[in-house]
Amino acid sequence: MRKMKKVTVAALTVAVTAGTVLGASSSAKAWTINGAGATFPYPVYVKWAKDFKKATGNRVNYQGIGSGGGIKQVTDRVVDFGGSDKMLKPSELDRRRLYQFPAVIGSIVVVYNLPGVGDRKLKLSNRAVADIFMGKVRYWDNPEIKKDNRDVNLPHMPITVIHRSEGSGTTWNFTYWLSGISPAWKSRIGYGKVVRWPTGIGAKGNAGVTNYVKQIPGAIGYVEYAYKKQNRLSAAVLQTKEGNWVEPCDETFKAAAAHAKWSLGTHFYTEGNLLLAEGKNSWPLTVATMILLPREKKIKNKEVTEFFNWAFKHGDKSAEKLGYVPLPESVKNMIRKYWKTVVFK
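Remember, it's a predicted structure, so these values are computed and weren't measured experimentally.

S.K.: Can you tell me about the side chain of lysine 86, naming the residues and giving the values?
M.R.: Locating lysine 86 in the fold gives a position in the loop between β3 (81–84) and α3 (90–96). If near-sequence neighbours (up to four positions away) are discounted, lysine 86 is found in contact with Ser67, Glu92, Gln100, Gly169, Trp172 and Lys193.

S.K.: Please set out helix α6 (residues 169–181) residue by residue, giving values where relevant.
M.R.: Taking 1.5 Å as the rise per residue, α6 with 13 residues should run 18 Å; its terminal C-alpha atoms sit 19 Å apart, in good agreement. The buried fraction of α6 amounts to 12 of the 13 residues, a majority that puts the element mostly inside the structure. Three or more residues of α6 are buried, namely Gly169, Thr170, Thr171, Trp172, Asn173, Phe174, Thr175, Tyr176, Trp177, Leu178, Ser179 and Ile181. Where α6 begins, one side-chain oxygen reaches toward the backbone nitrogen of threonine 170, 3.1 Å away; that side chain belongs to serine 168.

S.K.: I'd like a description of the pattern of salt bridges, backed by residues and values.
M.R.: Under the definition given, this model contains 20 salt bridges. A salt bridge links arginine 164 to glutamate 166; the nearest nitrogen and oxygen atoms lie 2.7 Å apart. The exposure classification of arginine 164 matches that of glutamate 166, with both residues buried. Here the residues in one salt-bridge network are Asp119, Arg120, Lys228 and Glu247, joined through shared partners.

S.K.: Quick rundown of the packing of helix α1 (residues 42–55) against helix α11 (residues 298–314)? Include the residues and the values.
M.R.: Following both chains from N to C, one finds α1 and α11 inclined at 95 degrees, their axes separated by 10 Å at the closest point. Here α1 lies roughly perpendicular to α11, going by the angle between them. Every residue of α11 that contacts α1 at Tyr45, Trp48, Ala49, Asp51, Phe52 and Ala55 is listed here: Phe307, Phe308, Trp310 and Ala311.

S.K.: Residues and numbers for unusual backbone geometry, please.
M.R.: Positioned with a positive phi, arginine 97 is a non-glycine residue whose angle comes to about 60 degrees. When you line up the elements, arginine 97 lands in the loop between α3 and β4 (98–112). Judged by relative accessible area, which is 47%, arginine 97 ranks as partly exposed. In this model, asparagine 273 sits at a positive phi of 55 degrees, which is unusual for a non-glycine residue. Position of asparagine 273 among the secondary structure elements: in the loop between α10 (250–257) and β11 (286–294).

S.K.: Quick one: what's the story with the pairing of β11, residue by residue and with numbers?
M.R.: Of all 9 residues in β11, 9 are buried; the element is thus mostly enclosed. Where burial is concerned, the two faces of β11 agree: the one with Thr286, Ala288, Met290, Leu292 and Pro294 and the one with Val287, Thr289, Ile291 and Leu293 are both buried. Across 9 bridges, the pairing between β4 and β11 is antiparallel. Bridged to isoleucine 105 within β11 is alanine 288.

S.K.: An account of the packing of helix α4 (residues 126–133) against α6 is requested, with residue identities and associated values reported.
M.R.: Packing of α4 against α6 leaves a shortest axis separation of 10 Å and a crossing angle of 120 degrees. When the axis of α4 is compared with that of α6, the two are oblique. You can see that α4 and α6 cross each other, and the crossing is left-handed. Facing α4, whose interface residues are Asn126, Val129, Ala130 and Phe133, α6 presents Phe174, Trp177, Leu178 and Ile181. Residue composition of the contact of α4 with α6, grouped by class: 7 nonpolar, 1 polar and no charged.

S.K.: Tell me about the environment of glycine 82, residues and numbers included.
M.R.: Here glycine 82 is to be found in strand β3. Along the backbone, glycine 82 and threonine 171 are 89 residues apart, and their C-alpha atoms lie at a distance of 17 Å. For glycine 82, the residues in contact, after removing those within four places along its chain, are Ala36, Gly70, Val74, Met290, Ile291 and Leu292.

S.K.: Any chance you could break down the nonpolar core for me, citing the residues and the numbers?
M.R.: In this structure, Leu124, Phe133, Phe174 and Phe308 are the most contacted members of the largest nonpolar core, which totals 103 residues. It is β4 that provides the largest number of residues to this core, a total of 10 residues. Not counting residues within four places of it along the chain, the set of residues in contact with leucine 124 comprises Val110, Val129, Ile132, Ile145, Ile220, Ala236, Val237, Leu238, Gln239 and Trp245. Counting 8 residues, the second-largest nonpolar core is a separate cluster that includes Ile71, Leu88, Leu93 and Leu292.

S.K.: So, the environment of lysine 297: which residues are in play, and what are the values?
M.R.: Tracing the backbone shows lysine 297 in the loop between β11 and α11. Along the chain, lysine 297 and glycine 118 lie 179 residues apart, while their C-alpha atoms are 49 Å from each other. Those residues in contact with lysine 297 that sit more than four places away from it in its chain are Arg77, Val79 and Asp80.

Rules of the game
- Residues numbered from 1 in each chain as written.
- Predicted model: local features only at pLDDT ≥ 70, side-chain atom pairs only at ≥ 80, totals over all residues.
- Heavy atoms only, no water.
- Helix = DSSP H or I, 4+ residues; strand = E, 2+ residues; numbered from the N terminus.
- Contact = heavy atoms within 4.5 Å.
- Expected span 1.5 Å × (residues − 1).
- Buried < 20%, exposed > 50% of the residue type's maximum accessible area, 1.4 Å probe, protein only.
- Polar contact = N/O pair within 3.5 Å; in protein donor to acceptor, adjacent residues only side chain to side chain.
- Salt bridge = Lys/Arg side-chain N within 4 Å of Asp/Glu carboxyl O.
- Axes fitted to C-alpha atoms, helices over the stretch in contact; angles between N-to-C directions.
- Parallel < 35°, antiparallel > 145°, perpendicular 65-115°, else oblique.
- Pairing = 2+ DSSP bridges.
- Left-handed = near helix turned anticlockwise from the far one by under 90°.
- Nonpolar A, V, L, I, M, F, W, Y, C, P; charged D, E, K, R; others polar.
- Core = buried A, V, L, I, M, F, W, Y, C linked by side-chain atoms within 4.5 Å.

Note that every value here comes from positions in space, so none of it alone points to a role or purpose.
Spelled out as structure tokens, the structure:
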């Protein structure tokens, strides 16, 4: 295979730095916190950390190793906080002795490399997406794709499916969505951080999938919207829960996010995250990405929450620029109440 080009998203194992809160004494001793996990929010965490560093003086290191790795490392107390695109149920949080809260909302998109077919020019029905990732539809000019794309010149080119190779929250969310739109997928493959893919090539992280899709004509994959945006990939138009066609954009992301139902009592857990949200304009692959904290580490938890509180106050514009949806102020206040009444009770 040809050597892959470098993507614009920074290498996932490079640490980033950050610092103390605004207004803190310049003589205060600097602290360092370490996190690892989901690659889904990696671009925005990098940006927040760099801006936090400039505004303050402490360090925040975050490694994008995938949600599965993040959950394991924070459970083993290797890191101070974990990042996960899979929400953990309250029972699992109790077992692992963890707290959980959302950090930002993002979206997964289905990206493709199809010569002559530009961004958002390809419609993929719920059935077509499931059949492609099951290996049933193998060429781009298959009638199942052509019937929704009468005005698109689809080549007789093999479809190469690109999927994640490691335990991934993005995979959990994507396969949960596939299970929700396709009874065949649900019965044969199901959902999880790792599944038995019927076809395709595995790649590590959102950046790995991005690289393969860019390099292989005829490729299709799934990545977080920030990776699509930064690397100028083409993304498909998909269907809502009701079957309406929707484009991946800020308006449809926010429409889905508006249907979020949060609760402190469940540590912000909701079945299915924000996937398949109600509403005719809701992007069906919208998700909240979560932060996991060890319950016994009160001092480090204060530093972690200090960083995210700063991001909640100062990071909305940078998040939006990268293609994420900032949490509504009401949700941020709910998280602050969670910190006060649950994490630091």
